[in-house]
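Chain residues, written in single-letter form:
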Amino acid sequence: MTETADVEGLVKAARAHDARALGKLLSMVEDDDPALPALMSALLGAGGQPPYVIGLTGAPGVGKSTTTSALIALWREREQRVAVLAVDPSSPFTGGALLGDRVRMQTHATDTDVFIRSMASRGQLGGMAVSTPQAVRVLEATGFDVVMVETVGVGQAEVDIAATADTTVVLLAPGMGDGIQAAKAGLLEVADLLVVNKCDRDGADAAVRELHNMIATGGDREPGQWRPVVVRTTATAAGGIDELVEAIDKHRAWLMSSGEGEQRRIRRAAQEIRSIAVAMLSARVGLRGDDPRLLELATEVAAGHVDSYAAAREIVAD
Ligand SMILES: Nc1nc2c(ncn2[C@@H]2O[C@H](COP(=O)(O)OP(=O)(O)O)[C@@H](O)[C@H]2O)c(=O)[nH]1
Ligand SMILES: [Mg+2]
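Scoring rules and cut-offs
Residues numbered from 1 in each chain as written. Chains lettered and ligands numbered in written order. Predicted model: local features only at pLDDT ≥ 70, side-chain atom pairs only at ≥ 80, totals over all residues. Heavy atoms only, no water. Helix = DSSP H or I, 4+ residues; strand = E, 2+ residues; numbered from the N terminus. Expected span 1.5 Å × (residues − 1). Contact = heavy atoms within 4.5 Å. Buried < 20%, exposed > 50% of the residue type's maximum accessible area, 1.4 Å probe, protein only. Donors = N, O, S within 2.8 Å, 3.2 Å for Na, K, Ca; no water. Core = buried A, V, L, I, M, F, W, Y, C linked by side-chain atoms within 4.5 Å. Pairing = 2+ DSSP bridges. Axes fitted to C-alpha atoms, helices over the stretch in contact; angles between N-to-C directions. Parallel < 35°, antiparallel > 145°, perpendicular 65-115°, else oblique. Nonpolar A, V, L, I, M, F, W, Y, C, P; charged D, E, K, R; others polar. Salt bridge = Lys/Arg side-chain N within 4 Å of Asp/Glu carboxyl O. Polar contact = N/O pair within 3.5 Å; in protein donor to acceptor, adjacent residues only side chain to side chain. Left-handed = near helix turned anticlockwise from the far one by under 90°.

A. Up close: helix α11 (residues 241–258). Taking 1.5 Å of rise per residue, 18 residues should cover 26 Å, and α11 covers 25 Å from first to last C-alpha, within 8% of that figure. Buried positions along α11 lie against β1 (52–58), α4 (64–77), β5 (167–172), β6 (193–196), β7 (229–232) and α12 (260–285). Just downstream of α11 lies Gly259, where phi reads positive at about 85 degrees.

Given below as structure tokens:
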């Protein structure tokens, strides 16, 4: 638990590129620290330009971390400060997969303009839907230009996290009917860019073709709307990474010129507020199940003395 008084000091230190202070701030976000409202309020006055947020999602093993690592190198060539948030709810903080990621990203470990952090969902109220935007706010106030969020694309929650990015990249690999899986998971709907990674393997052409077909038959688009772009990469050899960055740049330019970028930021804030409000409400009404007041009312309802709507209203209305 962090004292509210420490918060401003931590923000100040993090702004001076103190990685430990930054790590502490992100832990506050991750742990749903009681001083989090104070932190968010302190960040509001701290200034900073919103970083460009790139979401990378896809099935385990498609090459998200390898691609992220290759992208870091390119951002650094452009002298951008880069942060990576690796979100993996299925894997604990020190889990094997993330340990592997850390080792793979080790190339950048000594660069102070690169910050890599694994974020675990610890079942806090609101979950990752709240903590990812909050982590981005921390990184904004501490001067990062680009934030890459790596999530495992297996469920709606991960899709939601990816969808909070400015540019969402969905990665696939040849074989295994990945394209169909992607459509099923709704990933195509959130994809701004589709990457077929592992193009050194058989089946890459077929995967690219399949994706083009899906995009072509994926319903009408209003004129001026963004059409997902397919990029081929071989991340292990940094193949196609220049093209991927070019596609990201193009999408970024479209977001600016169409006004969609601003709309996305507003939608992202709306989602964040809603998640916090729902979390506050659940905390208040004792949806945890062991709230004494809830139990008291439940006893009345079970005994037939009070109807359930009246009981719910009583809880919500104070
Ligand atoms: N052949 C080949 N292997 C790759 C490529 N990209 C990543 N891999 C390998 O695929 C495995 C999973 O990669 P990783 O980046 O950890 O995937 P993630 O789970 O999506 O983050 C690793 O063994 C990588 O070396 C590629 O372009 N070609
Ligand atoms: Mg990974």
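Picking up after the structure, the text goes on.
B. How the structure looks around unusual backbone geometry. One non-glycine residue, Asp32, lies in the positive phi region at around 55 degrees. Assignment of secondary structure puts Asp32 in the loop between α2 (19–31) and α3 (36–44). The partly exposed category is assigned to Asp32, whose relative accessible area is 34%. Of note, the phi angle at Ala238 is positive, near 55 degrees, even though the residue is not glycine. Structurally, Ala238 can be placed in the loop between β7 and α11.

C. Region of the structure containing the coordination of the magnesium ion (ligand 2). In this structure, Ser65 (OG) and Glu150 (OE) serve as the protein donors to the magnesium ion (ligand 2), at separations of 2.2 Å. You can see Ser65 sitting in helix α4 and its partner Glu150 sitting in strand β4 (residues 146–152), a full 85 residues away along the chain. One exposure class covers both Ser65 and Glu150, and it is buried.

D. Layout of the nonpolar core. Counting residues in hydrophobic clusters, the biggest one holds 32 residues, and the most contacted among them are Leu39 and Val138. For this core, the secondary structure elements donating two or more residues are α1 (4–15), α2, α3, β2 (82–87), β3 (114–119), α6 (127–141) and β4. Considering each element in turn, this core owes the most residues, six residues, to α2. Counting residues in hydrophobic clusters, the runner-up holds 28 residues, among them Val114, Val231, Val245 and Trp254.

E. Inspection of the sheet that holds β1 at higher detail. Read from one edge to the other, the open sheet built from seven strands follows the order β3-β2-β4-β1-β5-β6-β7, with strand pairing classed as parallel. For this open sheet the edge positions go to β3 and β7, each flanked by a neighbour on one side alone. Averaged over all pairs of adjacent strands, the angle between their axes in this sheet comes to 20 degrees, without regard to strand direction. Bridge count between β2 and β3: six bridges; the pairing is parallel.

F. Looking closely at the packing of α11 against α12. Contact geometry for α11 and α12: axes closest at 5 Å, N-to-C directions at 90 degrees. Classified by the interaxial angle, the pair formed by α11 and α12 is roughly perpendicular. Residues His251, Trp254, Leu255 and Ser258 of α11 pack against Glu260, Gly261 and Arg264 of α12. A class-by-class count of the residues in the contact of α11 with α12 yields two nonpolar, three polar and two charged.

G. Region of interest: the pattern of salt bridges. Under the defined criterion, the tally for this structure stands at 11 salt bridges. Put simply, Arg264 and Asp192 hold a salt bridge, and the shortest N to O gap is 3.0 Å. With Arg264 in helix α12 and Asp192 in the loop between α9 (187–190) and β6, this residue pair connects regions lying 72 residues apart in the sequence. Side by side, Arg264 and Asp192 carry an identical accessibility label, which is buried. Note that Glu260 and Arg264 form a salt bridge whose closest N and O atoms lie 3.5 Å from each other. Taken together, the residues Glu260 and Arg264, both in helix α12 and four residues apart, mark about one turn of the helix.

H. Structural context of the side chain of Thr57. Inspection of the secondary structure puts Thr57 in strand β1. A distance of 3.1 Å separates the side chain of Thr57 from the side chain of Thr151, its partner in a polar contact.

I. Highlighting the packing of helix α13 (residues 292–302) against helix α14 (residues 308–316). One way to put it is that α13 packs onto α14 with a least axis distance of 10 Å and a crossing angle of 160 degrees. It follows from the interaxial angle that α13 and α14 lie roughly antiparallel. Along this stretch, α13 crosses α14, giving a crossing that reads as right-handed. Between α13 and α14, the contacting residues are Arg293, Leu294, Leu297 and Val301 on the first element and Ser308, Ala311, Glu314 and Ile315 on the second. Here the contact of α13 with α14 is built from residues that sort into five nonpolar, one polar and two charged.

J. Up close: the environment of Pro50. By secondary structure assignment, the location of Pro50 is in the loop between α3 and β1. Given a relative accessible area of 38%, Pro50 falls into the partly exposed group. Sequence-wise, Pro50 and Phe144 are 94 residues apart; in three dimensions their C-alpha atoms are separated by 8.2 Å. Leave out the neighbours within four places in its chain, and Pro50 touches Glu140 and Arg265.

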